[in-house]
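# Understanding the architecture of this molecule
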Amino acid sequence: MNAFDRLLREIRDCRLCEVELEHGVRPVLRAAPTARVLVAGQAPGRRVHASGVPFDDPSGDRLREWMGVDAATFYDEARVAIVPMGFCYPGTGTSGDLPPRPECAEAWRARVIGALSDVRLTLVIGQYAIRWHLGTGSTPLTKVVAAWRDH
């Protein structure tokens, strides 16, 4: 087993925020060091938590359509890495899913992203991923998106 496979195993065995997760832990990500595209999203939703397949929901259908790729290409981890900010479903709050747990990014993100040295395109989806990848701090999301050329 190589170093990247060991890292993925560590992540999939992670229990850092287990006590905070009402629905339990089930880290969901797909990646390989050869991936040329990185999809950096928020966190799995309830449906993805149940299936263990990232973007296994209507948002995934839309994303694949926007990207112009079929499911086989999208789920080929040698080509497309899918690494959310939080690997486990955070649960539901008063206005939708809760934010990704911060423990994931703190413990794993730099190591995973650092190992994806062949990535040529990163799709950053959602405010937490945008803040981490673009370093925009507390700048409102609408302003960051409006200034996309700056990034």
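See the structure above.
Now for a look at the structure at hand. None of the values given here were measured: they were computed from a predicted structure.

The subject of this paragraph is the pairing of strand β1 (residues 37-40). Neither face of β1 is exposed, since Val 37 and Val 39 on one face and Leu 38 and Ala 40 on the opposite face are all buried. As defined by bridge partners, β1 adjoins strand β2 (residues 80-82) across three bridges and the pair is classed as parallel. Residue pairing across strands places Val 37 opposite Val 80, the latter belonging to β2.

Once that is clear, we can look at the packing of helix α1 (residues 3-12) against helix α5 (residues 102-115). Any two packed helices are characterised by the angle at which their axes cross and by the distance between the axes. Between α1 and α5, whose axes approach to 11 Å, the crossing angle comes to 150 degrees. In terms of orientation, α1 lies roughly antiparallel with respect to α5. Here α1 and α5 pass one another in a crossing that is left-handed. Only Trp 108, Arg 111, Val 112 and Ala 115 of α5 make contact with α1, whose side of the interface consists of Phe 4, Leu 7, Glu 10 and Ile 11.

Our focus in this paragraph is the sheet that holds β1. Spatially, three strands are ordered β2-β1-β5 in an open sheet, and the strand pairing comes out parallel. Whereas interior strands pair on both sides, the edge strands pair on one side only; in this sheet they are β2 and β5 (121-124). On average, each strand axis in the sheet is inclined to that of its neighbour by 15 degrees, with strand direction left out of account. Helix-sheet contacts for helix α6 (residues 127-134) involve β1 and β5, and the interaxial angle to β5 is about 140 degrees.

Basis of the calculations
Residues numbered from 1 in each chain as written. Predicted model: local features only at pLDDT ≥ 70, side-chain atom pairs only at ≥ 80, totals over all residues. Heavy atoms only, no water. Buried < 20%, exposed > 50% of the residue type's maximum accessible area, 1.4 Å probe, protein only. Helix = DSSP H or I, 4+ residues; strand = E, 2+ residues; numbered from the N terminus. Pairing = 2+ DSSP bridges. Axes fitted to C-alpha atoms, helices over the stretch in contact; angles between N-to-C directions. Parallel < 35°, antiparallel > 145°, perpendicular 65-115°, else oblique. Left-handed = near helix turned anticlockwise from the far one by under 90°. Contact = heavy atoms within 4.5 Å.

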